[in-house]
Amino acid sequence: MRLKGKTALVTGGRQGIGRAIVERLADEGARVMTCGRAYRPSDLPKEIGWQVADVSDGASVRKLAGQVRATFGGLSILVNNAGVQIEKTLAETTDADWDRLMGTNAKGVFLCCREMIPLMERGGSIINIGSVSGNTADPGLALYNASKAFVHGLTRSIAVDHGPAIRCNAILPGWIMTGMADAAFALASDPDRAKADALSRHPAGRFGQGSDIAALAAWLACDEAGFATGQCYTLDGGLTAASPLNPGLF
Amino acid sequence: MNGGADNASLGNRIAVVTGGCGGIGTAICERFVREGATVYAADIAGDSRSAARYLSLDVTCEDSIRAMMERIGDEQGRLDILVNAAGIEIESTIEETTLADWNRIFAINVTGMFLACKHALSLLRRAGGGSIINFGSYDGFIADPGLAAYCATKGAVHALTRAMACDHGPENIRVNAVCPGYVDTPMLQGFFGSSGDIDSLRQAVQDVHPVRRYGTPEDVANLVNWLAGDEARYASGQLWVLDGGLTAQVQQMRL
Ligand SMILES: NC(=O)c1ccc[n+]([C@@H]2O[C@H](COP(=O)([O-])OP(=O)(O)OC[C@H]3O[C@@H](n4cnc5c(N)ncnc54)[C@H](OP(=O)(O)O)[C@@H]3O)[C@@H](O)[C@H]2O)c1
Ligand SMILES: NC(=O)c1ccc[n+]([C@@H]2O[C@H](COP(=O)([O-])OP(=O)(O)OC[C@H]3O[C@@H](n4cnc5c(N)ncnc54)[C@H](O)[C@@H]3O)[C@@H](O)[C@H]2O)c1
């Protein structure tokens, strides 16, 4: 119960990594609110607050901040998890794709931080979900990769500008088994073989779970992580410690 | 990169290349000669395949390094460029690596570099400054399987490069490291030894590279030549990855 007495907002908690973080922060004693673009998911535990909010929309995020203030008074933990992925190269990407992807992954993080920071007390922790793809490219995910690099850069700026009151770190997941990862495997000509091959590239011998990311988020949120700020922590089962060529697999 | 003698960029320069008879070292020596430099190929192996002057050298032996610098001092009075390309690779995990293996690879890849740099300083100062180019590797950032000690030596090279750049920058001595990916040399053939030679794996290896080929010693010499010359006069303390885009990617699934 490391987060007793703390309040948390997790964006995009309907499913996947976001949901795992919501449940973990609540288990650790925090009062948690989450949001998504549609109605409250039926299986969301009743003690978790839900708001309909689109993080890419300024008015919607301001309204969300109002609801946080009305419910919690202030905010100790902000997790920017909401994200979308578009499987296209740069040449295939339309203006509308840009608005949709950068709107959520980049502008959404900017808007949530700008609107929530004034509500955050000393000792606050912001956790952004970046990606290993923001450091090294996944093929066919041009804007997605770039949006995550933006998140990593913004993480450092927030830590520098808003410390010591607020700490800000990013978690860079590798392959986490959620809807988003399955969509990426679906691109393969033989998704099952691709999955088996990808698995053999993980020194940990498995893909990640939402709970793996949630475990690090809980640590970064709590006061034990008081000296951790401005960092991008990779959590990928060892995937990116190895060369992309990995001749051991030939 | 321009590569012709018509545009010689290293005229009047004195250069020494350790490992100068190896795959990459030979290409560097040839390039430096074409660019107008006086070049010493220093190597423990006995035959220089380039037009450089051969010097017998064991980088692990301080007396051998001293003797080399004395000779260059006697013959040239100064040194402008030091390239540390001597290196070995041991293909094993730490479990299979004996303490003797470990000490040997550190002696050549790290201590040898330390000794060459240390004893080159006075000659570099006599030239009013100079350029040191070390061989790191992309393996100093991420791992290839079964190369543990080698990866560790290259990480040490990267750190030493930055430290020396910091200490000797004020004397106009620039220090950089070149970090190649897969370059077709005897060392790479050795690495592929157990799984087949690079030719049989050619297609597979090429396919993983964004530029769809692996590197040649000449590719590496192009970068070393630039770092050695005056165009790179503001470049110091950096680790220059040259890998055909290999490490810009996350590991590539085979689809
Ligand atoms: N899975 C992986 O392997 C992986 C790897 C690296 C990084 N990540 C990152 O981890 C985060 C979560 O990914 P996931 O795999 O859990 O994805 P997911 O299952 O697709 O979940 C994404 C969540 O974001 C919400 N969302 C999307 N756009 C939104 C918007 N404009 N406003 C508010 N909410 C929005 C969605 O909810 P609604 O539909 O209700 O709006 C959904 O709950 C993302 O930032 C992703 O980039 C994932
Ligand atoms: N080939 C690659 O793919 C690759 C990749 C990354 C880094 N590198 C680095 O580039 C450098 C050159 O590699 P290469 O591919 O030309 O290898 P190579 O084996 O062809 O050449 C290495 C040279 O170093 C010499 N040498 C070894 N021990 C010595 C000692 N004690 N004293 C003096 N000379 C000694 C050898 O005789 C040889 O000529 C090395 O530092 C290597 O680690 C190579």
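1. Digging into the overall build of chain A
Item 1. Each helix and strand in chain A was counted, giving seven helices and seven strands.
Item 2. In terms of C-alpha radius of gyration, chain A reaches 18 Å, essentially the compact-globule figure of 18 Å for 250 residues.
Item 3. For the C-alpha atoms alone, the extent of chain A along its principal axes is close to 55 × 40 × 40 Å.
Item 4. Within chain A, the fraction of its 250 residues that count as buried is 54%.

2. A few points about the environment of Tyr138(B)
Item 1. On the secondary structure map, Tyr138(B) appears in the loop between β5 (130-135) and α4 (148-168).
Item 2. Judged by relative accessible area, Tyr138(B) falls into the buried class, the value being 2%.
Item 3. C-alpha of Tyr138(B) to C-alpha of Tyr182(B): the two residues are 44 residues apart in sequence and 8.9 Å apart in space.
Item 4. Those residues within four positions of Tyr138(B) in sequence are excluded, and the remaining contacts are Ser243(A), Asp144(B), Cys179(B), Pro180(B), Gly181(B), Tyr182(B), Leu246(B) and Thr247(B).

3. Examining the site of ligand 1
All names here are of chain A.
Item 1. The environment of ligand 1 is formed by 26 residues, the closest being Arg14, Ile17, Arg37, Tyr144 and Thr178.
Item 2. In this structure, an oxygen atom belonging to ligand 1 sits 2.7 Å away from a main-chain N or O atom of Ile17.
Item 3. Here ligand 1 has 890 Å² of accessible area as a free molecule, and 92% of this is covered by the chains.
Item 4. Counted by class, the shell around ligand 1 contains eleven nonpolar, eleven polar and four charged residues.

4. As for the domain arrangement of chain B
Residues and elements named next belong to chain B.
Item 1. In terms of domain boundaries, chain B breaks down into domain 1 (14-180 + 220-241) and domain 2 (183-214).
Item 2. At the junction of the two partners, domain 1 supplies twelve residues and domain 2 supplies six residues.
Item 3. Linking domain 1 with domain 2 are zero salt bridges, by the criterion used here.
Item 4. Taken together, domain 1 and domain 2 are joined by zero residue pairs in polar contact (both at pLDDT 80 or more).

5. Here's the deal with the site of ligand 2
Residue and element names in this part refer to chain B.
Item 1. The environment of ligand 2 is made up of 28 residues, and the closest members are Gly23, Ile24, Asp43, Tyr150 and Thr185.
Item 2. Note that an oxygen atom of ligand 2 is positioned 3.1 Å from one of the backbone N or O atoms of Gly22.
Item 3. Tyr150 places a polar side-chain atom, nitrogen or oxygen, 2.7 Å from an oxygen atom of ligand 2.
Item 4. Surface burial for ligand 2 is 91%, taken as the share of its 830 Å² of free accessible area covered by protein chains.
Item 5. Of all the secondary structure elements, the ones that give two or more residues to the shell around ligand 2 are α1 (23-34), α4 and α5 (186-192).
Item 6. Classifying every residue of the shell around ligand 2 by side-chain character gives 17 nonpolar, eight polar and three charged.
Item 7. Each of two domains, domain 1 (14-180 + 220-241) and domain 2 (183-214), supplies a minimum of three residues to the shell around ligand 2.

6. Focus: the nonpolar core
Residue and element names in this part refer to chain B.
Item 1. One finds Val16, Met68, Ile72, Leu79, Leu82 and Tyr182 to be the most contacted residues of the largest nonpolar core, which totals 50 residues.
Item 2. Contributing elements (two or more residues each) for this core: β1 (14-18), β2 (38-43), α2 (62-76), α3 (99-126), α4, β6 (173-180), α5 and α6 (202-208).
Item 3. With twelve residues, α3 is the largest single contributor of residues to this core.
Item 4. When residues of this core are assigned to domains, at least three fall in each of domain 1 (14-180 + 220-241) and domain 2 (183-214).
Item 5. Ignoring any residue separated from it by four or fewer positions in sequence, one finds Leu82 in contact with Val16, Thr18, Ala116, Cys117, Ala120, Ser131, Ile132 and Ile133.

7. Some points on the pattern of salt bridges
Residue and element names in this part refer to chain A.
Item 1. Applying the stated criterion across every chain, the model contains 18 salt bridges over all chains.
Item 2. Where Asp197 meets Arg201, a salt bridge forms, and the shortest distance between an N and an O atom there is 2.8 Å. In terms of burial, Asp197 and Arg201 fall into one category: buried.
Item 3. In this structure, Arg206 and Asp212 form a salt bridge, with 2.9 Å as the shortest nitrogen-oxygen distance.
Item 4. The class of Arg206 is partly exposed, set by a relative accessible area of 41%.
Item 5. Sharing partners across several salt bridges, the network here consists of Arg2, Arg24 and Glu28.

8. A few points about the interface of chain A and chain B
Item 1. Residue-level contacts link 27 residues of chain A with 23 residues of chain B.
Item 2. For the pair chain A and chain B, the summed buried area comes to about 2,200 Å², and 63% of that belongs to carbon and sulfur atoms.
Item 3. The largest share of the area that chain A buries against chain B comes from Pro244(A), Leu245(A) and Phe250(A), three residues that together contribute 31% of it.
Item 4. Summed over the shared surface of chain A and chain B, the result is eight residue pairs in polar contact (both at pLDDT 80 or more).
Item 5. Broken down by element, the residue count for the side of chain A that touches chain B peaks at four residues, all from helix α6 (residues 191-200) of chain A.
Item 6. Residue classes in the side of chain A that touches chain B are distributed as 16 nonpolar, seven polar and four charged.

How each quantity is defined
Residues numbered from 1 in each chain as written. Chains lettered and ligands numbered in written order. Predicted model: local features only at pLDDT ≥ 70, side-chain atom pairs only at ≥ 80, totals over all residues. Heavy atoms only, no water. Helix = DSSP H or I, 4+ residues; strand = E, 2+ residues; numbered from the N terminus. Rg over C-alpha atoms; globule rule 2.2 N^0.38 Å. Buried < 20%, exposed > 50% of the residue type's maximum accessible area, 1.4 Å probe, protein only. Contact = heavy atoms within 4.5 Å. Near = heavy atom within 4 Å. Polar contact = N/O pair within 3.5 Å; in protein donor to acceptor, adjacent residues only side chain to side chain. Areas by Shrake-Rupley, 256 points an atom, 1.4 Å probe, with all protein chains shown as cover. Nonpolar A, V, L, I, M, F, W, Y, C, P; charged D, E, K, R; others polar. Domains from an automatic or database assignment. Salt bridge = Lys/Arg side-chain N within 4 Å of Asp/Glu carboxyl O. Core = buried A, V, L, I, M, F, W, Y, C linked by side-chain atoms within 4.5 Å. Buried area = accessible area lost by both parts, 1.4 Å probe.

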